[in-house]
Amino acid sequence: MDIGIDLGTASILVYVKGKGVVLKEPSVVAFDRDTNRIKAIGEEARLMLGRTPGNIVAVRPLRQGVISDYTVTEKMLKYFIQKAVGKQRFRKPLISICVPSGVTEVERKAVEDAAFQAGARDVKIIEEPIAAAIGAGIDIARPCGNMIVDIGGGTSDIAVISLGGTVVSTSIKIAGDDFDDAIVRYMRKRHNLLIGERTAEDIKIRIGSAFPRPEVEEVDVRGRNLVTGLPKTITVTSEETEEALKDTTLQIVEAVHSVLEKTPPELAADIADRGIVLTGGGSLLYGLEELIESKTGITTMTAEEPMTAVAIGTGKYVEFLSGTTNES
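Calculation criteria
Residues numbered from 1 in each chain as written. Predicted model: local features only at pLDDT ≥ 70, side-chain atom pairs only at ≥ 80, totals over all residues. Heavy atoms only, no water. Helix = DSSP H or I, 4+ residues; strand = E, 2+ residues; numbered from the N terminus. Rg over C-alpha atoms; globule rule 2.2 N^0.38 Å. Buried < 20%, exposed > 50% of the residue type's maximum accessible area, 1.4 Å probe, protein only. Contact = heavy atoms within 4.5 Å. Areas by Shrake-Rupley, 256 points an atom, 1.4 Å probe, with all protein chains shown as cover. Lys, Arg positive; Asp, Glu negative; His and termini not counted. Charge placed at Lys NZ, Arg CZ, Asp CG, Glu CD. Pairing = 2+ DSSP bridges. Axes fitted to C-alpha atoms, helices over the stretch in contact; angles between N-to-C directions. Phe/Tyr/Trp six-rings, centres within 6.5 Å; stacked < 30°, edge-to-face > 60°. Lys NZ or Arg CZ within 6 Å of the ring centre and 35° of its normal. Core = buried A, V, L, I, M, F, W, Y, C linked by side-chain atoms within 4.5 Å. Salt bridge = Lys/Arg side-chain N within 4 Å of Asp/Glu carboxyl O.

1. Things to note about the overall build of the protein chain
Right, on to step 1. Secondary structure summary: the protein chain contains 10 helices and 18 strands in total.
Right, on to step 2. Relative to the compact-globule value of 20 Å for 328 residues, the protein chain shows a C-alpha radius of gyration of 20 Å, a close match.
Right, on to step 3. Its C-alpha atoms give the protein chain principal-axis dimensions of roughly 70 × 55 × 30 Å.
Right, on to step 4. For the protein chain, buried positions account for 51% of its 328 residues.
Right, on to step 5. The long-range fraction of contacts in the protein chain, counting pairs at least 24 apart against all pairs at least 6 apart in sequence, stands at 62%.
Right, on to step 6. For the protein chain, the exposed area adds up to about 15600 Å²; of that, 48% sits on carbon and sulfur atoms.
Right, on to step 7. Seen as two clouds, the 39 positive and the 47 negative side-chain charges of the protein chain have centres 8 Å apart.

Below you can see the structure in the form of structure tokens.
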């Protein structure tokens with residue numbers, strides 16, 4: 001059995017050959033500090049974020065696409081692999097895992113080791129933009145330029161791909177989580193309201209905007225008033241979220257711009273023709289396509305299944321590899 005894993009900062013997706021994406025859960029682990037035992041993993045642990053008593057901590061073992069807590073990541077991987085594969089395991093699986101394009105050798109090795117410890121027979125590491133391109137249905141083997149912008153939870157990967165490899169790429173540590181942080185900061189500064197990570201994410205999903213909406217939308221937000229220290233509810237508009245997210249979204253646009261500047265002219269012509277493809281959960285932010293299009297002048301579209309594109313691509317990469325090895 002071959003498995004592809006999208007080891008994301010915000011969520012982990014597992015792709016099983018022949019079955020597609022079988023599991024998608026937040027990459028959060030809750031453990032008891034006193035006994036060092038894991039209490040919950042995934043969705044169950046996410047519900048505990050910001051709501052735990054002193055002895056229980058809910059953590060994200062991956063920060064900005066990189067393993068920040070090795071032992072917890074290993075346990076989490078083991079749990080997700082077992083959950084996806086079930087009990088009937090005759091032999092260890094071949095696992096391919098994707099990593100951001102800018103990771104160092106040390107970080108890459110940490111991911112590899114964690115997968116071996118979690119029970120892999122063999123581990124293949126694939127760069128995120130290539131996995132995203134395969135998952136978005138792009139034929140990466142052809143000699144023509146494709147530009148992928150993969151906005152995840154912790155990192156955004158921007159790459160120009162041709163002939164199955166990356167020609168120019170950059171990875172910036174600004175993505176979905178930074179959108180949440182920007183909303184938290186804005187609410188504190190503008191409304192003297194303290195809100196948590198989960199509330200900020202909820203605002204982002206419901207009315208977050210990177211570009212003006214045709215109609216202004218609003219949502220009620222509950223938090224703690226920093227002046228009185230009491231709970232308070234206020235109404236926030238989509239225009240405000242656009243203002244809150246302005247700096248963060250522009251940094252992503254600038255990164256796209258810098259990759260385009262370094263792209264060889266023939267490939268740049270292909271991209272102008274074919275457009276830019278957005279993948280990853282962060283690309284679901286309203287108006288991101290329009291923003292990139294307005295700043296670059298290049299048609300921008302979001303992949304059909306932006307959330308699962310990387311996981312599907314990682315899994316298909318395994319199939320592609322096993323296909324080539326079987327023939328030889």
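2. Topic: the sheet that holds strand β16 (residues 231–237)
Right, on to step 1. The strand order β14-β15-β16 describes an open sheet built from three strands, whose pairing is antiparallel. Unpaired on one side and paired on the other, β14 (193–194) and β16 mark the two borders of the sheet.
Right, on to step 2. Two elements, strand β15 (residues 218–225) and β16, share seven bridges in a ladder whose sense is antiparallel. Within β16, the residue paired with Val219 across the bridge is Val236.
Right, on to step 3. Contacts between helix α6 (residues 197–207) and the sheet are confined to β15 and β16, with β15 contributing the most and set at about 165 degrees to the helix.

3. Observations concerning the environment of Ala303
Right, on to step 1. Mapped onto the elements of the fold, Ala303 is located in the loop between β18 (300–302) and α10 (309–327).
Right, on to step 2. Sequence-distant contacts of Ala303, defined by excluding residues within four places in its chain, comprise Ala136, Val277, Leu278 and Thr279.

4. Concerning the packing of aromatic side chains
Right, on to step 1. Under the criterion given, the structure shown has one aromatic pair.
Right, on to step 2. Cation over ring: Arg213 sits above Tyr286, and NZ or CZ is 4.3 Å from the ring centre.

5. Some thoughts on the sheet that holds strand β11 (residues 146–151)
Right, on to step 1. Judged by pairing direction, the sheet is mixed, and its five strands sit side by side in the order β13-β12-β11-β17-β18 without closing on themselves. The open sheet is flanked by β13 (165–172) and β18, the only strands paired with a single partner. Each neighbouring strand pair of the sheet contributes to a mean axis angle of 20 degrees, computed without reference to strand direction.
Right, on to step 2. Relative to β18, strand β17 (residues 276–279) is paired through three bridges, and the arrangement is parallel.

6. Considering the nonpolar core
Right, on to step 1. The biggest cluster of nonpolar side chains holds 42 residues, and the ones touching the most others in it are Met147, Met187, Ile195, Val221, Val256 and Ile276.
Right, on to step 2. Ranked by residue count, the leading element in this core is helix α7 (residues 238–262), at eight residues.
Right, on to step 3. Discounting chain neighbours no more than four positions away, the residues touching Ile276 are Met147, Val149, Val256, Ile271, Ile292, Thr296, Ile298, Thr299, Thr300 and Met301.
Right, on to step 4. With 32 residues, the next largest nonpolar core counts Leu62, Val66, Ile97 and Ala115 among its residues.

7. Here's the deal with the environment of Met1
Right, on to step 1. Relative to the elements of secondary structure, Met1 occurs in the segment before β1 (2–7).
Right, on to step 2. Met1 gets classed as partly exposed once you look at its relative accessible area, which sits at 35%.
Right, on to step 3. With residues near it in sequence (within four places) discarded, Met1 still touches Val16, Lys19, Val85, Pro93 and Leu94.

8. Notes on the pattern of salt bridges
Right, on to step 1. The full count for this structure, using the stated rule, is 11 salt bridges.
Right, on to step 2. Between Arg46 and Glu201 there is a salt bridge whose closest N-O contact spans 3.9 Å. In this pair, Arg46 is assigned in helix α1 (residues 43–46) and Glu201 in helix α6, connecting sequence segments 155 residues apart.
Right, on to step 3. Asp202 is the salt-bridge partner of Arg206, the closest N and O atoms lying 3.4 Å from each other. Placement of both Arg206 and Asp202 in helix α6 is noted, with a separation of four residues, approximately one turn of the helix.
Right, on to step 4. For Asp202, a relative accessible area of 38% corresponds to the partly exposed category.
Right, on to step 5. Linked through salt bridges whose partners overlap, the residues forming this network are Glu43, Arg46 and Glu201.

9. Quick word on the pairing of β11
Every regular strand shows the same layout, with side chains that alternate between the two sheet faces.
Right, on to step 1. Among the six residues in β11, six count as buried, and that is most of the element.
Right, on to step 2. Here β11 shows two buried faces, one formed by Asn146, Ile148 and Asp150 and the other by Met147, Val149 and Ile151.
Right, on to step 3. Across six bridges, β11 lies against strand β12 (residues 156–162) in antiparallel orientation. Residue pairing across strands places Ile151 opposite Ser156, the latter belonging to β12.
Right, on to step 4. Linking two consecutive strands that pair antiparallel, namely β11 and β12, is a turn of four residues.
Right, on to step 5. Both β11 and β17 contribute to a ladder of four bridges, which runs parallel. Note on β17: the bridge partner recorded for Asp150 is Thr279.

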